[in-house]
Amino acid sequence: MLYAGIAWQAGGYRLALAGPDGRDVPEPADYASHRVDELVARLRGLGDRTTVVVESTNGTLDGRLMAAGLAVHRADPALLPDRPLFGSVAAEELARAGLRGARGLVRLERHRGTQTGREDELAAWIAESAPADRELAGEGRLFSHAGRDRRRIALTFDDGPQPPYTGQVLDILERYGVPATFFCCGIHVGGRADILARMREQGHAIGNHTWSHPFLPELSRPQAAEQIDRTAEAIAEAGGGGPPRLFRPPYGARTPAVLASLAESDVVSVLWDVAPDDWALRESGDIARDVLAAARPGSVVLLHDGGGDRAPTVASLPPIIEGLTERGYEFVRVDDMLDRDGSGPVSAP
Ligand code: ZN
C-alpha cells in the first residue's frame, strides 16, 4: 500500500508519498491549482493500491479525485499536527498519517462528500447556531431565501471556476439571458481571470466561497479570516471589481463562533433553500426534477460548477430554466434579491 498525501498551499497542491516498506519514494511534487488534471493522472498512474489522504480544508479536491475513481480518505485533526495560518497540514504529514494510523482515516463516499461521517456533527452545530442565525438575519447579514411574495429566484453556482463546466454554464445562462451568482474558491481563481471577466461581462454576481473550501468550524478565527480575505483579494484582482460582499460558508457549516466572526466582518452570508445535491454525481433529470419540485418564490438554488464532474448539472440547466420560466419566475442575482428586497422579509434557514 502506498499513501499519497495531498496538501494545498497558496498556489496549488503538493503530493507526497509514503510506503510501509521504507522504499524510496520520489520527492514531493507541486501542481498549480489549475493543473489538477495532471495530479489526477499521476495518482492514477500509481496503481490501485494507493490510498489518497487529504484533510478537511481541501474540500473541493476530493470530489475531483473521487470522480476520477480514486480512493480518498480524510485525516482528521487528532491524527495531524497543527495547521499553518494559511495552507493545510503538509503533504508529507498527511502521507505519514495514512501510514501510521490508517485505522483513523475516514474513507470518503462519493454521495456523502468531504464530510462523510460528520453529518450528525454538522447538523448539531447548525441547530445550535439557530439563535445566532436569526440575529444575523435580522441585521440583513445572513439569509437563505428572499421574501415569498414575489416570483423571483436566484441560481447560484459554487466551488468553481472549473473548466470546462463554468464556461458551459455561462454559455447556457447567456443563451437564456439569465443572471446568476457564482461563489468562487480562491484557489481556483488563479490563472482564470478570463472566466471571471466573462462572468462580470455577462452581468453575473461573484461571491466568496473561501480559498480552499475548508470546514470552517475547525479553523481558528485568524485561519478563517485568511481564507476569506485572500479570496476576496484574488477575486478583486482577477475580475477588476471590488472585493465581493456575498459570502457562502462551505457546506453551510457554522457554529455560534463562526457566526460571531462573520458578524465582525462586512460580508453577507448566503445560504440556500433549494439544494438538489448535484455534487453527489446525480443524473441531470433528477437534479432538474428536484429543483422544480422545491422552488418557491424567493428561493436560492444551490448548484455547482466546480468540484468534480459537473456535466449533469450543466445538462440540468435548460429544463430548470425553462420550467421555472413557464411558472412565471424571474431570475435575479443574489445581491439584487437583497437590494430590491429593501426592508422586506429575509429569513434564516
Ligand atoms: Zn462549496
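First, a word on what this report is: a plain description of the structure on this page. Within each chain, residues carry numbers counting from 1 in the order of the written sequence. In keeping with the model being predicted, local features are shown solely for residues with a pLDDT of at least 70 and side-chain atom pairs are shown and tallied solely at 80 or more, while totals for entire chains, interfaces and linings include all residues. Note: side-chain values were computed over all heavy atoms of the structure, leaving out hydrogens and water.

### Focus: the overall build of the protein chain
A count of helices and strands for the protein chain gives 13 helices and 14 strands. Computation of the radius of gyration draws on C-alpha atoms, with the globule rule given as 2.2 Å multiplied by the number of residues to the power 0.38. In terms of C-alpha radius of gyration, the protein chain reaches 20 Å, essentially the compact-globule figure of 20 Å for 349 residues. For every residue, the accessible area (1.4 Å probe, protein chains only) is compared with the maximum for its type, and the residue is labelled buried under 20%, exposed over 50%, or partly exposed between those bounds. Looking at the protein chain as a whole, 54% of its 349 residues qualify as buried. Residue pairs at least 24 apart in sequence account for 75% of intrachain contacts in the protein chain once pairs closer than 6 positions are excluded. In the form shown here, the protein chain has an accessible surface area of approximately 14000 Å², with 48% of it arising from carbon and sulfur atoms. Strands are runs of DSSP state E lasting at least two residues, helices are runs of H or I lasting at least four, and both sets are numbered from the N terminus onward. Any two residues having at least one pair of non-hydrogen atoms within 4.5 Å are treated as being in contact. Only the protein chains shown count as cover for residues, with accessible areas throughout obtained via the Shrake-Rupley method and a probe of 1.4 Å.

### Points about the layout of surface pockets
Its volume calculated, the largest pocket comes out at about 630 Å³. Whether a set of points on the 1 Å grid over the protein atoms alone is a cavity depends on a 1.4 Å probe fitting there but being unable to get out, while an open set qualifies as a pocket with protein on both sides within 12 Å along at least five of seven lines; lining residues are those with an atom within 4 Å of a point. As for the largest pocket, its lining consists of 33 residues, of which Arg112, Gly113, Tyr251, Trp279 and His304 are closest to the centre. Here the lining of the largest pocket is built from residues that sort into 12 nonpolar, 11 polar and 10 charged. As for the second largest pocket, its lining consists of 21 residues, and the residues nearest its centre are Ala225, Ile228, Asp229, Ser261 and Ser265. Grid points are joined across faces, edges and corners, and a volume is the space filled by probe spheres set on the points. Three classes are used: nonpolar for Ala, Val, Leu, Ile, Met, Phe, Trp, Tyr, Cys and Pro, charged for Asp, Glu, Lys and Arg, and polar for all others, with Gly counted as polar.

### Considering the packing of helix H6 (residues 165-176) against helix H8 (residues 193-201)
It is at 11 Å that the axes of H6 and H8 come closest, and there the two elements cross at 15°. What the angle tells us is that H6 and H8 run roughly parallel. Both H6 and H8 take part in a crossing whose hand is left-handed. Taken together, the residues of H8 that come into contact with H6 (itself represented by Thr166, Gly167, Leu170, Asp171 and Glu174) are Ile195, Arg198 and Met199. Partitioning the contact of H6 with H8 into residue classes produces 3 nonpolar, 2 polar and 3 charged. Comment: axis = line fitted to C-alpha atoms, over the contacting stretch for helices; angle = value between 0 and 180 degrees taken between N-to-C directions. Angle categories are assigned with fixed cut-offs, so that under 35 degrees is roughly parallel, over 145 is roughly antiparallel, 65 to 115 is roughly perpendicular, and the rest are oblique. Crossing chirality is assigned from the near helix's rotation relative to the far helix, an anticlockwise turn below a right angle marking it left-handed and a clockwise turn marking it right-handed.

### Focus: the packing of H6 against helix H12 (residues 311-326)
When two helices pack together, their arrangement is given by the angle between their axes and by how far apart the axes lie. Two elements in contact, H6 and H12, have axes whose closest approach is 9 Å; the angle formed by their N-to-C orientations is 10°. On the basis of the axis angle, H6 is roughly parallel to H12. Helix-helix and strand crossings are classified by hand; for H6 and H12 the assignment is right-handed. Contact residues: H6 offers Tyr165, Gln168, Val169, Ile172, Leu173 and Tyr176, while H12 offers Ala311, Val314, Leu317, Pro318, Ile321 and Glu322. A per-class count over the contact of H6 with H12 returns 10 nonpolar, 1 polar and 1 charged.

### Here we look at the packing of aromatic side chains
Aromatic rings from Phe, Tyr and Trp, taking only the six-membered ring of Trp, are treated as a pair when their centres fall within 6.5 Å; an angle between ring planes under 30 degrees marks them as stacked, one over 60 as edge-to-face, and anything in between as tilted. Applying the stated criterion across every chain yields a total of 5 aromatic pairs. Aromatic rings pair up to connect Trp8, Phe86 and Trp211 into one cluster. Any Lys NZ or Arg CZ that is within 6 Å of a ring centre and within 35 degrees of that ring's normal is treated as a charge sitting over the ring. Above the plane of the ring of tyrosine 329 lies arginine 151, whose end atom (NZ or CZ) is 4.5 Å from the centre.

### Points about the pattern of salt bridges
Here, a salt bridge means any side-chain nitrogen of Lys or Arg that lies within 4 Å of a carboxyl oxygen of Asp or Glu. Per the counting criterion, the structure on display carries 24 salt bridges. Note that aspartate 158 is salt-bridged to arginine 248, the shortest N-O span being 2.8 Å. With a gap of 90 residues between them, aspartate 158 in strand S8 (residues 152-158) and arginine 248 in the loop between strand S11 (246-247) and helix H10 (256-264) connect regions that are remote in the sequence. For the pair aspartate 158 and arginine 248, one class covers both residues: buried. Counted as one network, the salt bridges with shared partners bring together Glu55, Arg74, Asp76, Arg83, Arg118, Glu121 and Glu218.

### Some thoughts on helix H11 (residues 284-294)
Given 3.6 residues per helical turn, the α-helix brings residues three or four places apart onto the same face. Residues of H11 that are buried include every one of Ile287, Ala288, Val291 and Leu292, and no others. Here the buried residues of H11 occupy an arc of 125° about the axis, which is enough to place them on one side. Elements in contact with the buried residues of H11: strand S13 (300-304) and H12. In this description, the arc belongs to the directions extending from the helix axis to the C-beta atoms.

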